[in-house]
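This is what each chain is made of:
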Amino acid sequence: MLRISGALGAGYPIDEHMTRSLTLFSVLLVFTSCAQAAAPAERAKDVKAAHAALVANDYVAAYRLYRAESANNPLARFMLGVFDKNGWGRKADPVAACRWFESAAAKRIATAEHEWGECLAKGIGRAPDIPAALEWYAKAAGDGHLISDCNAADYYLRGEGVAKDTARGLALCTRVAMSNSPPAMLRLAHYFEDGTLVAQDLAAARSWYGQAASYGMPEAQFHLGMMLAQGAGGDADRDEALRWLETAAGEGYAPAYLPTAILYGNAPVKANTGALAPEHLAKIYLWSNAAMARAKTQDQLSAATGVRDRALSVMPPEWRPQLDRQVAAHLTAHPALTAR
């Protein structure tokens, strides 16, 4: 019989966040939901060729095309800011990025208003100015970039650069979450689970993780699975925990790999054999192998290797080539997150 012992987290930080760099999806939102001084459809049309080049990963051509439109098109100026912020095909230049964001924000491009607020809050190229940042977050939220209110909430909750106002901070982000914003739901869940900025409320955290998880957010699915496994904020439910953790793992969310393997290792044994079901043994090997490939520290690697080796000790050796191919296919389909 194979039984897996040890903490589910196994050295993976359960508050690890997905990268916050802008993705092509968020870039697309600029063209579909940003605010709208004049003829946004025409603006998007003007940068269509530049965006096509970006989607094709031709950074040089994309930058050149955005630059050609930048004098008269604030969407193009916003995109130049994204290039400079993230270092897409060039050295990152946060100060230059903030200049582009400021220019685009002046024309009510909602995402640029948010980014300009970030520049002011972080003091990029100037001294930090939290009150001014909060004004721009409010403008961005008013123009449709609702999550900006959650960024503002952080400052009210911490009392950083503004008088501490826990009620106001929670109200700001809760309003966004209740407008069906999964990122805001996730933010609230983190607040309530951590208990540093607001009173800890594990039941509320579990509820908000559940709502965000239902929208397909792997990070929320992971945290919900962990709380279900540990009985935090409510009754423990191993089957539901495994369902959510494996859903997150299947989307390539690396912190979910090893807990998924461990839960499979602790599944009930078959009554007629006293051993794990063959499919559960295979899953232990699959997810522990994936965890080894994505380990960021020696502790993580050691924990994942230990689980994998215990599976190997009882797994028929002829299974291994096919399972290794499955792991490789998964890792290829879900590469490790890096800055673009």
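Residues numbered from 1 in each chain as written. Predicted model: local features only at pLDDT ≥ 70, side-chain atom pairs only at ≥ 80, totals over all residues. Heavy atoms only, no water.

## What about the overall build of the protein?
1) Next: Counting secondary structure elements, the protein contains 18 helices and zero strands.
2) Next: Each of the 340 residues in the protein was classed as buried or not, and the buried ones make up 49%.
3) Next: Counting contacts in the protein only where the partners sit at least 6 residues apart, residues at least 24 apart contribute 56% of the total.
4) Next: Of the roughly 15700 Å² of accessible surface on the protein, 55% is carried by carbon and sulfur atoms. (Helix = DSSP H or I, 4+ residues; strand = E, 2+ residues; numbered from the N terminus. Buried < 20%, exposed > 50% of the residue type's maximum accessible area, 1.4 Å probe, protein only. Contact = heavy atoms within 4.5 Å. Areas by Shrake-Rupley, 256 points an atom, 1.4 Å probe, with all protein chains shown as cover.)

## Observations regarding the environment of Ala328
1) Next: Along the chain, Ala328 turns up in helix α18 (residues 320–333).
2) Next: Expressed as a C-alpha distance, the spacing of Ala328 and Ala293, which sit 35 residues apart in the sequence, is 9.5 Å.

## Remarks on the packing of helix α4 (residues 59–69) against helix α5 (residues 74–86)
1) Next: At a minimum axis distance of 8 Å, the contact between α4 and α5 shows a crossing angle of 145°. Here α4 runs over α5; the crossing is left-handed. Contacts from Tyr59, Ala62, Tyr63, Tyr66, Arg67 and Glu69 of α4 reach α5 at Ala76, Met79, Leu80, Phe83 and Asp84.
2) Next: For the contact of α4 with α5, a count of residues per class yields eight nonpolar, no polar and three charged. (Axes fitted to C-alpha atoms, helices over the stretch in contact; angles between N-to-C directions. Left-handed = near helix turned anticlockwise from the far one by under 90°. Nonpolar A, V, L, I, M, F, W, Y, C, P; charged D, E, K, R; others polar.)

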